[in-house]
Amino acid sequence: MSTNYKPSANKLCLIIVFTVSTAIILLNSCRQKTQLEKDIDDGKQLAQTYCVSCHLLPDPALIDRRSWVKGVLPAMAQKLHLHTYSGMYYADRSSFITVADWQKIEAYYTNTSPVTLVIPKLAIAPLKDWAIFSAMRPKTDTTGPLAMTTYTGFNPTDHKFYSADAANNLYSWDSNLNPTLVRKMSSPVTGALFPQNPDKSNTGIFTCIGVLPPLNVANGKVIQMSLDGKTKDTLVIGDKLPRAVQTVAADFNKDGLMDYVVCGFGHDNGGLYLLQQQANHQFKKTTIRDIAGGEQLILGDFNHDGWPDVMCLFAQAQEGIWMFLNDHRGALLHQTC
């Protein structure tokens, strides 16, 4: 019996393929991740820990890489109380994160975000169809400043539209869209209420932001102002508000006197405030929620107990919709929606 075994050509090929495949698998299994790959993986996990403490986790693909590096990441580092000196980050006792962990978050967003964004084309072009409507355009002064509108609304008492702009102007508009300057305000108007007064007088409750740029300046106001042209009486309902944007009115404690809730959008600092009218017709300001970002209020009896409540949209800081229920004594206690 011969012991000289010679494999066929096909078997030899199979042995070679098997050997090479095994070698590739072993090499891949032995390959170690680079330090950058480790930092990216760690950064993703750290982002899920730190970033979601204030808002939903942002996907790196949402914006381009330059915007992450030059805009968003430095701003978020400030929110975590990291400091910079000569372009370098450092942490102190007030910091919420170490510099090493922050650099891993930077590595994740910097290396996984797109260099440029590709804007997809619409599958179907939008139709320009006014249906049963038509547009009326006011006569404009082409030599005047560009419009920077901060408010528009309708007054059911005098049946006029009102608008305001960033130059502190408050206008009324007649049915032919001819504007009349009502008054120069202390700051841009961002909200207005037009109460239906029993004596048919024409008044407005105006929310003035104080300062338009995102600054920690609290000089917003809520004022009541006559619009009948007979007087220029102004009542300050609330002041020293951080970038006030909207006000709603109700008798929250049912004492027969109108009260107000106002959003102070603010910047880093802001809040939601109750302006409660006292027996002497002065207003007491109390803080409902000491968080920036409140921008839209809805008034209603949400739990059907016969007492007015409010709901507020917070668009920064702790983003979300928050409900504040009346405690039957005029205080508003928050509930998460």
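This text follows the structure it describes.
A few points on the structure. (Residues numbered from 1 in each chain as written. Predicted model: local features only at pLDDT ≥ 70, side-chain atom pairs only at ≥ 80, totals over all residues. Heavy atoms only, no water.)

Things to note about the packing of helix α3 (residues 65–79) against helix α4 (residues 99–112)
To keep it simple, the criterion reads: To obtain each axis, a line is fitted to C-alpha atoms, and for helices this fit is confined to the stretch in contact; angles are then taken between N-to-C directions over 0 to 180 degrees. The numbering of helices and of strands both runs from the N terminus, where a helix is a DSSP run of H or I of at least 4 residues and a strand a run of E of at least 2. Here is the rule for angles: anything less than 35 degrees is roughly parallel, anything more than 145 is roughly antiparallel, 65 through 115 is roughly perpendicular, and the remaining ranges are oblique. Each crossing is labelled by how the near helix is turned from the far one, with a counterclockwise turn of less than a right angle marking it left-handed and a clockwise turn marking it right-handed. Every residue pair with non-hydrogen atoms within 4.5 Å of one another is taken to be in contact.
At a minimum axis distance of 10 Å, the contact between α3 and α4 shows a crossing angle of 155 degrees. The orientation of α3 relative to α4 falls into the category roughly antiparallel. For the pair α3 and α4, the sense of crossing is right-handed. Contact residues: α3 offers Arg65, Trp68, Val69, Leu73, Met76 and Ala77, while α4 offers Trp102, Glu106, Tyr109, Thr110 and Asn111.

So, the environment of cysteine 263
Test applied: Think of it in three bands: residues with accessible area under 20% of the maximum for their type are buried, residues over 50% are exposed, and the middle band is partly exposed, with areas taken using a 1.4 Å probe on protein chains only.
You can see cysteine 263 is positioned in strand β12 (residues 259–264). Overall, the relative accessible area of 0% leaves cysteine 263 in the buried class. Each C-alpha atom of the pair cysteine 263 and tyrosine 273 lies 6.6 Å from the other, and the pair is ten residues apart in sequence. Apart from residues no more than four positions distant in its own chain, cysteine 263 is found in contact with Arg243, Ala244, Val245, Gln246, Gly271, Leu272, Gly294, Glu295, Gln296, Leu297 and Cys312.

Digging into the pairing of strand β14 (residues 283–289)
To keep it simple, the criterion reads: By this definition, two strands are paired if DSSP reports at least two bridges between them.
One ladder, built from six bridges, connects strand β13 (residues 271–277) with β14; its direction is antiparallel. Directly across from leucine 274, in β14, lies its bridge partner threonine 286. Between β13 and β14, which pair antiparallel one after the other, the connecting turn spans five residues, and histidine 281 there sits at a positive phi close to 70 degrees.

Quick look at a nonpolar patch on the surface
To keep things clear, this is the line we draw: Patches here: salt-bridge-free residues with over 30% relative accessible area, like charges joined within 9 Å, nonpolar side chains (Val, Leu, Ile, Met, Phe, Trp, Tyr) joined within 5 Å. Under the convention used here, a 1.4 Å probe and the Shrake-Rupley method define accessible areas, while residue burial counts only the protein chains that appear. Salt bridge, as used here, is a side-chain nitrogen of Lys or Arg placed within 4 Å of a carboxyl oxygen of Asp or Glu.
Nonpolar side chains collect at one region of the surface, where Trp130, Ile132 and Phe133 lie side by side and expose about 450 Å² of accessible area between them. Within the fold, phenylalanine 133 resides in the loop between α4 and β3 (149–155).

Some points on the side chain of aspartate 165
Heads up, the rule is: When charges are counted, Lys and Arg are positive and Asp and Glu negative, with His and the chain ends excluded. Polar contact is the term for a pair of N or O atoms within 3.5 Å; when the atoms are in protein, one must be able to donate a hydrogen and the other to accept it, and sequence-neighboring residues count only if both atoms are side-chain atoms.
Its location among the elements puts aspartate 165 in strand β4 (residues 160–165). Comment: no salt bridge for buried aspartate 165; closest opposite-charge side chain is lysine 184, at 6.2 Å. Among the polar contacts listed, one links the side chain of aspartate 165 to the backbone nitrogen of alanine 167, at a separation of 3.0 Å. Discounting chain neighbours no more than four positions away, the residues touching aspartate 165 are Met148, Thr149, Thr150, Tyr171 and Pro188.

Details of helix α2 (residues 35–50)
Applied cut-off: Here a helix's expected span is defined as the number of its residues, less one, multiplied by 1.5 Å. When we speak of the arc, we mean the arc of directions from the helix axis to the C-beta atoms.
Its 16 residues place the ends of α2 22 Å apart at the C-alpha level, agreeing with the 22 Å of an ideal helix rising 1.5 Å per residue. Burial in α2 covers these residues: Asp39, Ile40, Gly43, Leu46 and Ala47. In a view along the axis of α2, the buried residues occupy a sector of 130 degrees, so they form one face of it.

Description of the packing of aromatic side chains
To keep things clear, this is the line we draw: Stacked, tilted and edge-to-face are the three classes assigned to paired rings of Phe, Tyr and Trp, where Trp is represented by its six-membered ring and a pair needs centres within 6.5 Å; plane angles under 30 degrees give stacked, over 60 edge-to-face, the rest tilted. Note on criteria: charge over ring means Lys NZ or Arg CZ within 6 Å of the ring centre, with the direction from the centre no more than 35 degrees off the ring normal.
For the coordinates displayed, the defined rule picks out eight aromatic pairs. Ring centres 6.3 Å apart and planes at 80 degrees place the aromatic pair tyrosine 89 and tryptophan 102 in the edge-to-face group. Placement of the pair is tyrosine 89 in strand β2 (residues 88–90) and tryptophan 102 in helix α4, with a sequence separation of 13 residues. On the basis of relative accessibility, which here comes to 21%, the residue tyrosine 89 falls in the partly exposed class. For tryptophan 102, a relative accessible area of 1% gives the class buried. Between tyrosine 162 and phenylalanine 194, the ring centres sit 5.2 Å apart and the planes meet at 40 degrees, which makes this aromatic pair tilted. Of the two residues, tyrosine 162 is situated in strand β4 and phenylalanine 194 in the loop between β7 (189–193) and β8 (203–208); the sequence distance between them amounts to 32 residues. Residue tyrosine 162 is classed as buried on the basis of its relative accessible area of 3%. Of the aromatic side chains, those joined through ring pairs into one cluster are Trp68, Tyr108 and Tyr109. Above the face of the tryptophan 322 ring, arginine 289 is positioned so that its terminal group lies 3.5 Å from the ring centre.

So yeah, pure geometry; function would need other evidence.
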